[in-house]
Amino acid sequence: MIEVKRISKCFGRHEVLKDVSLSVAQGEVVCLIGPSGSGKSTVLRCINGLESYERGDILIDGQRVDRDGPDIHRLRTRVGMVFQRFNLFPHRTVLENVTEGPIYVNGLARAQARSEAMSLLDKVGLAARCDAYPAQLSGGQQQRVAIARSLAMQPEAILFDEPTSALDPELVGEVLAVMRTLAADGMTMIVVTHEMGFAREVADRVCFLHSGSIVESGAAAQVLAEPQHARTQDFLRRVIGK
């Protein structure tokens, strides 16, 4: 469904992605792991058209992602994104945050958008807080609203950019539980994460990035339990004592 073909990306003279290739099938969960600054988030931002790339191709169901192309807005509705910092509208209620995209982008009738949003908020355990504002919610609750907001656009895939890194440790579990449910329901997901337990349990594949390149990729159990590359081994030793 998603094909990343030998993309390279520079910020000024610094090459942050070097010949990165990645294919993700429908219903597959792929976790990107690696040290900070290795290019993980930039891969997601290129897939979603938030960043341009100098070389290579990114295809979604065969259609090229071009940040400046006429179809970029439609492509973004097909591939949702959940960020580290939630990015909710602070002056909108939880329900309004979830319904604005379907109403103003997809042209959905307000009553239908509200009904579907309430079902999604129930799915993430927050229907009772539909009239609250983001500032009245915990970080974990805000992130669950952000997931519901992404789902409201009925995406074919969702990109998660370190969705738990801004949360207090006791709130991480509630967000990962929602993501586990999405994976079990067959949602195509690419997840940048430092949560190795989640990657081991949920991911079909794990890709380890170092200095802008994927240096190891394979089944989650193999990469996390028996990494072959020295850089992967060193990273996992530091993170989980492997």
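Calculation rules
Residues numbered from 1 in each chain as written. Predicted model: local features only at pLDDT ≥ 70, side-chain atom pairs only at ≥ 80, totals over all residues. Heavy atoms only, no water. UniProt positions renumbered as here; feature names shortened; annotations may be inferred. Helix = DSSP H or I, 4+ residues; strand = E, 2+ residues; numbered from the N terminus. Expected span 1.5 Å × (residues − 1). Buried < 20%, exposed > 50% of the residue type's maximum accessible area, 1.4 Å probe, protein only. Arc of directions from axis to C-beta. Contact = heavy atoms within 4.5 Å. 1 Å grid on protein atoms, 1.4 Å probe; cavity = no way out; pocket = protein on both sides within 12 Å on 5 of 7 lines; lining within 4 Å. Points joined across faces, edges and corners; volume = space filled by probe spheres on them. Nonpolar A, V, L, I, M, F, W, Y, C, P; charged D, E, K, R; others polar.

The chain appears in an unreviewed UniProt entry as ABC-type amino acid transport system, ATPase component protein from Herbaspirillum seropedicae. What UniProt states about the chain under its Sequence similarities (unreviewed entry) heading is, verbatim, "Belongs to the ABC transporter superfamily." The heading Subcellular location (unreviewed entry) in the UniProt record of the chain holds the text "Cell membrane".

Student: Break down the UniProt feature "domain: ABC transporter" (unreviewed entry) in the chain for me, with residues and values.
Tutor: The positions that UniProt labels "domain: ABC transporter" (unreviewed entry) are, in the present scheme, residues 2-236. As annotated, residues 2-236 comprises 38% helix and 26% strand, and the C-alpha atoms at either end are separated by 27 Å.

Student: Give me helix α6 (residues 169-184): which residues, what numbers.
Tutor: Across its 16 residues, α6 extends 24 Å between first and last C-alpha, which sits within 8% of the 22 Å expected from 1.5 Å per residue. Of the residues making up α6, those classed as buried are Leu171, Val172, Val175, Leu176, Val178, Met179, Leu182 and Ala183. With its buried residues spanning 155 degrees around the axis, α6 presents them on a single face. The exposed set on the far side of α6, more than 90 degrees from its buried face, consists of Glu170 and Ala184. Its buried side turned inward, α6 meets β3 (29-33), α4 (110-123), α5 (139-152), β7 (157-161), β8 (188-192) and α7 (196-202). Backbone geometry just after α6 places Gly186 at a positive phi near 95 degrees.

Student: Go over the layout of surface pockets, please, and point to the residues and values.
Tutor: Volume-wise, the largest pocket comes out at about 550 Å³. At five residues, the largest contribution of residues to the lining of the largest pocket is made by helix α3 (residues 94-104). Here the residues of the lining of the largest pocket sort into eleven nonpolar, eight polar and three charged. By volume, the second largest pocket is sized at about 160 Å³. Lining the second largest pocket are 14 residues, and of these Ser36, Gly37, Ser38, Gly39 and Lys40 lie nearest its centre. Elements supplying a minimum of two residues to the lining of the second largest pocket: β2 (14-24) and α1 (40-47). When residues of the lining of the second largest pocket are assigned to their parent elements, the largest contribution, four residues, is made by β2. Across the lining of the second largest pocket, the residue classes break down as one nonpolar, nine polar and four charged.

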